[in-house]
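Listed below, chain by chain, are the residues.
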Amino acid sequence: MEIDQHPYADILRKEMMPNIWCPGCRIGRIKNTFIETIQQLGYDPDKCTVVSGIGCSSRIAGYLNLDTIHATHGRAIPTALGVKLANPELKVSVMGGDGDILGIGGNHFLALGRHGQDLNVFCMNNFGYSMTGFQHGPTTPFGARTITTSSGNPYAPVNPVAVAMAAGYTFVARSTSAHPYHLIDCMVSAMKNRGPSFIEILVPCMLYERRNKIKSLEALFLDKAKIKETLSAEDIDQSDFMKRISLGIFRDDPVRQRPQLSLVKSTKKVAAGKFDIKYKSRASGIKYMQIRMEGTGGQGIVQGGKVMIKAAMNMDPKLNSTLTKRYGPEMKGGSCLTDVLLSSQHVDYPFVDVPDLLLMMSGLVAKERGGKVIINDKGTIVVDESMVDLSLLENLPKTVKVFKIPATQIARENFRVVVANNVLMGFVCKTTSIIDKNCFKAAIVKSAPPGTEELNLSAFESGYKYKKS
Amino acid sequence: MKHEVSPVRYWNIQECTIPVGKVTIIANFCKGGEDCDDCIRFCPEKVLERGTVPNERGFFPPILVDDGKCTVCGRCQLYCSENAIFVEKTGERVVTPDEIAHREENS
Ligand code: SF4
Ligand code: SF4
């Protein structure tokens, strides 16, 4: 095929071509300038990533043979931020239109200026939502006709460059599709800049041209646009782009060093010395264990799950573990459950399917499920008999082990109701002997609010010592 | 700021040679016609012209009118949104003083 000899062939996704843009659309040219930029800078294509949202210009990601993501509408910047945080080595660029970046994803665009991550945002401004037939968008010029503003746009447009300057982007430039060599210059500088970079690229849209009876926006850009070495504040303004367009680099700053914040002081450290519990780590032999804690919001279900997972990790730091929690919209009194997974291998699904160990602090979850208690046939249930209606457990297979403790009652009589979860934990530790006692105690000290360590520990002890009378 | 174009595209002033290239047009990709014709418009050497034979999608891809004149500036390749045209350097040729004078007049 001839396309294989094309100098851009390495970076083009050839099986996707020919591309879908309208004849006369110059978005494809932005793709070419991006490829040229990568080639000029000598970047390894494996280290470049492009993230785009939805829109005509966002199709670029589909035609580049890099690792690209086509994200949801407007969410290109947060997706790119995630990529960058996960692998800071990558050069991450966001390609999108004005509707995607400034309209739907406007807040993310502002937030990136604050975050200060090294992302390059290339925003192709074609003055509206062109993919859906040209509705008016945030950058549609005053008085321009679109589908939704058939007698002229009554709203003033936003100025992307001004917004980016105000939001704190360290590199801000404006170019057009008719000046690809200038655009390459800007892109090269943007890629080199270590902070968030933004380039507004004006591109003509055929639909805009036809609706507004403009012969050729491309010719207009070539005619009216002036590339300037030094730009003044007036050049930022672009309200009448039919008369005057100033192109150039508005800002190219180094990234500011952040001052060290000393606002957050740890109060935890003070108490830690007093309750320094020694524990021994050992191989637990757990291959895959699903633990679920069910109850009512306010019973410390999430806290209990956290203690469980910390204790397990104290004992066998080689385990992989996840904690997920689910609760209803109510803060207190609604059903609530916490899933803990312990696995010797990587965890690819973080939710518990069928628990091996079920800790029930109330029957609410089971009742919502229609009275069904989900448990592995060979599993273990530890139930707070002062809270759970024991008739729920009647239909279980004989192989399921059930241990009962009136944890809430013990807590109410001897301590406070809030430590019922730790009474239950003590009992779990004793009856199941999956995790060592001291690992549990260290985990409790770590998760208890400062000053309540003693209370929580004695609650745990009383659960550990509980014997059915 | 100067953009850096790959050295093949620079003219060799000392030896008075300029690059000669081969232009390849991928007719099926092209969306030429009234709306595009960018390669034709931006080619400084006027090497291309709009063709008269439509491709399978009804567009008119450009045709080469003077093969030897392309100087491998790479503009058509960069400007073409469809990646339907590209150039490769095949050699160099010596420019005569007449041609230089002619170029200077027209520039
Ligand atoms: S620029 Fe590309 S698409 Fe346009 S006429 Fe030339 S070859 Fe065809
Ligand atoms: S490389 Fe330059 S001179 Fe050659 S055909 Fe393309 S635009 Fe014309």
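Residues numbered from 1 in each chain as written. Chains lettered and ligands numbered in written order. Predicted model: local features only at pLDDT ≥ 70, side-chain atom pairs only at ≥ 80, totals over all residues. Heavy atoms only, no water.

Caption draft 1: Molecular detail of the packing of helix H14 (residues 407-414) of chain A against helix H15 (residues 420-432) of chain A. Residue and element names in this part refer to chain A. At their nearest, the axes of H14 and H15 sit 8 Å apart, and the two run at 120 degrees to each other. Classified by the angle their axes make, H14 and H15 are oblique. Seen along the crossing, H14 lies across H15 with a hand that is right-handed. Seen from H14, the contacting residues are Ala-407, Thr-408, Ile-410 and Ala-411; seen from H15, they are Ala-420, Val-423 and Leu-424. A breakdown of the residues in the contact of H14 with H15 according to their chemical character gives six nonpolar, one polar and no charged. (Axes fitted to C-alpha atoms, helices over the stretch in contact; angles between N-to-C directions. Helix = DSSP H or I, 4+ residues; strand = E, 2+ residues; numbered from the N terminus. Parallel < 35°, antiparallel > 145°, perpendicular 65-115°, else oblique. Left-handed = near helix turned anticlockwise from the far one by under 90°. Contact = heavy atoms within 4.5 Å. Nonpolar A, V, L, I, M, F, W, Y, C, P; charged D, E, K, R; others polar.)

Caption draft 2: Region of interest: the site of ligand 1. With respect to spatial proximity, the complete set of residues near ligand 1 consists of Cys-30, Lys-31, Gly-32, Cys-36, Asp-37, Asp-38, Cys-39, Pro-62, Cys-80 and Glu-82 of chain B. Counted by class, the shell around ligand 1 contains five nonpolar, one polar and four charged residues. (Near = heavy atom within 4 Å.)

Caption draft 3: Local environment of the interface of chain B and chain A. Across the boundary between the two partners, chain B contributes 32 residues, which contact 36 residues of chain A. The junction of chain B with chain A conceals about 2,800 Å² of combined surface from both sides, 51% of it contributed by carbon and sulfur atoms. Counting across the interface, chain B meets chain A through three salt bridges. For Asp-38 of chain B, the salt bridge is made with Arg-29 of chain A, and the minimal N-O distance between the two is 2.3 Å. Summed over the shared surface of chain B and chain A, the number is 14 residue pairs in polar contact (both at pLDDT 80 or more). Elements supplying a minimum of two residues to the side of chain B that touches chain A: strand S1 (17-25), helix H1 (38-42), helix H2 (75-79) and strand S4 (85-94) of chain B. For the side of chain B that touches chain A, the per-class residue count stands at 14 nonpolar, seven polar and 11 charged. (Buried area = accessible area lost by both parts, 1.4 Å probe. Salt bridge = Lys/Arg side-chain N within 4 Å of Asp/Glu carboxyl O. Polar contact = N/O pair within 3.5 Å; in protein donor to acceptor, adjacent residues only side chain to side chain.)

Caption draft 4: Here's a closer look at the site of ligand 2. Close to ligand 2 lie Val-23, Cys-43, Pro-44, Glu-45, Cys-70, Thr-71, Val-72, Cys-73, Gly-74, Arg-75, Cys-76 and Val-87 of chain B, which account for all nearby residues. Split into classes, the residues belonging to the shell around ligand 2 amount to eight nonpolar, two polar and two charged.

Caption draft 5: Looking closely at the pairing of strand S3 (residues 91-97) of chain A. Residue and element names in this part refer to chain A. Among the seven residues in S3, six count as buried, and that is most of the element. Looking at chain direction, strand S1 (residues 48-52) and S3 are connected through five bridges and run parallel. Across the sheet, residue Cys-48 finds its bridge partner in S3, namely Lys-91. Bridge count between S3 and strand S4 (residues 119-125): six bridges; the pairing is parallel. Bridge assignment links Gly-96 to a residue of S4, and that residue is Cys-123. (Buried < 20%, exposed > 50% of the residue type's maximum accessible area, 1.4 Å probe, protein only. Pairing = 2+ DSSP bridges.)

Caption draft 6: Geometry of the nonpolar core. Among the nonpolar cores identified, the biggest contains 56 residues, and Phe-34, Phe-122, Met-124, Ile-199 and Ile-201 of chain A together with Leu-48 of chain B are the most heavily contacted of them. Tallying contributions element by element places helix H7 (residues 180-192) of chain A first for this core, with eight residues. Setting aside residues no more than four positions away along its own chain, Ile-199 of chain A makes contact with Val-121, Phe-122, Cys-123, Phe-171, Ala-173, Leu-183, Cys-186, Met-187 and Ala-190 of chain A. The next biggest cluster of nonpolar side chains, apart from the first, holds 44 residues, and it includes Leu-319, Val-340, Ala-411 and Leu-424 of chain A. (Core = buried A, V, L, I, M, F, W, Y, C linked by side-chain atoms within 4.5 Å.)

Caption draft 7: Representation of the packing of aromatic side chains within the structure. Applying the stated criterion across every chain, the model contains 12 aromatic pairs over all chains. When the ring centre of Tyr-464 of chain A is taken as origin, the NZ or CZ atom of Lys-437 of chain A, which lies over that ring, is 4.3 Å away. (Phe/Tyr/Trp six-rings, centres within 6.5 Å; stacked < 30°, edge-to-face > 60°. Lys NZ or Arg CZ within 6 Å of the ring centre and 35° of its normal.)

Caption draft 8: Quick look at helix H9 (residues 217-224) of chain A. Taken together, the buried positions of H9 of chain A are occupied by Leu-217, Glu-218, Leu-220 and Phe-221 of chain A. Taken around the axis of H9 of chain A, the buried residues stretch over an arc of 160 degrees, which confines them to a single face. (Arc of directions from axis to C-beta.)

Caption draft 9: Spatial organisation of the pattern of salt bridges. Summed over all chains, the structure comprises 26 salt bridges over all chains. Between Asp-35 of chain B and Arg-210 of chain A there is a salt bridge whose closest N-O contact spans 3.9 Å. One end of the pair, Asp-35 of chain B, is in the loop between S1 and H1; the other, Arg-210 of chain A, is in helix H8 (residues 206-211), on a second chain. For Asp-339 of chain A, the salt bridge goes to Arg-292 of chain A, with nearest N and O atoms at 2.9 Å. One end of the pair, Asp-339 of chain A, is in strand S11 (residues 335-343); the other, Arg-292 of chain A, is in strand S9 (residues 288-296), with 47 residues separating them in the sequence.

Caption draft 10: The arrangement of the sheet that holds strand S5 (residues 171-176) of chain A in detail. Residues and elements named next belong to chain A. Spatial ordering of the open sheet is given by S2-S1-S3-S4-S6-S5-S8-S7, a layout of eight strands whose pairing is mixed. The open sheet has two free edges, formed respectively by strand S2 (67-70) and strand S7 (225-227), since each of these has just one partner strand. When strand polarity is set aside, the average angle formed by the axes of neighbouring strands in this sheet is 20 degrees. When S4 meets strand S6 (residues 197-202), the two strands line up parallel, connected through six bridges. Counterpart to Val-121 in the pairing with S6 is Phe-198. Strand contacts of H9: S5, S6, S7 and strand S8 (245-252), with the helix running at about 45 degrees to S7, the strand carrying the most contacts.

Caption draft 11: Inspection of a positive patch on the surface at higher detail. Together, Lys-306, Lys-310, Lys-325 and Lys-446 of chain A give the surface a local cluster of positive charge. Within the secondary structure, Lys-325 of chain A sits in strand S10 (residues 320-327). (Patch = residues over 30% accessible without salt bridge, like charges linked within 9 Å, V, L, I, M, F, W, Y side chains within 5 Å. Areas by Shrake-Rupley, 256 points an atom, 1.4 Å probe, with all protein chains shown as cover. Lys, Arg positive; Asp, Glu negative; His and termini not counted. Charge placed at Lys NZ, Arg CZ, Asp CG, Glu CD.)

Caption draft 12: Summary view of unusual backbone geometry. Geometrically, the link from Met-17 of chain A to Pro-18 of chain A is a cis peptide bond, its omega value of 0 degrees lying close to zero. Tracing the backbone through its elements, the reader meets Pro-18 of chain A in the segment before helix H1 (27-41). Even without glycine at this site, Asp-37 of chain B takes up a positive phi of about 55 degrees. Tracing the sequence through the fold places Asp-37 of chain B in the loop between S1 and H1. A relative accessible area of 12% means that Asp-37 of chain B is categorised as buried. Although it is not a glycine, Asn-83 of chain B adopts a positive phi angle of roughly 55 degrees. Position of Asn-83 of chain B among the secondary structure elements: in the loop between H2 and S4.

Caption draft 13: Examining the state of the cysteines more closely. Residues and elements named next belong to chain A. Using the criterion set out here, one finds zero disulfides over all chains in the structure. Left unpaired, Cys-25 is separated from the closest cysteine sulfur, that of Cys-22, by 6.0 Å. According to the relative accessible area criterion, Cys-25 is buried, its value standing at 10%. (Disulfide = S-S within 2.5 Å.)

By themselves, these are just geometric observations and shouldn't be taken as functional.
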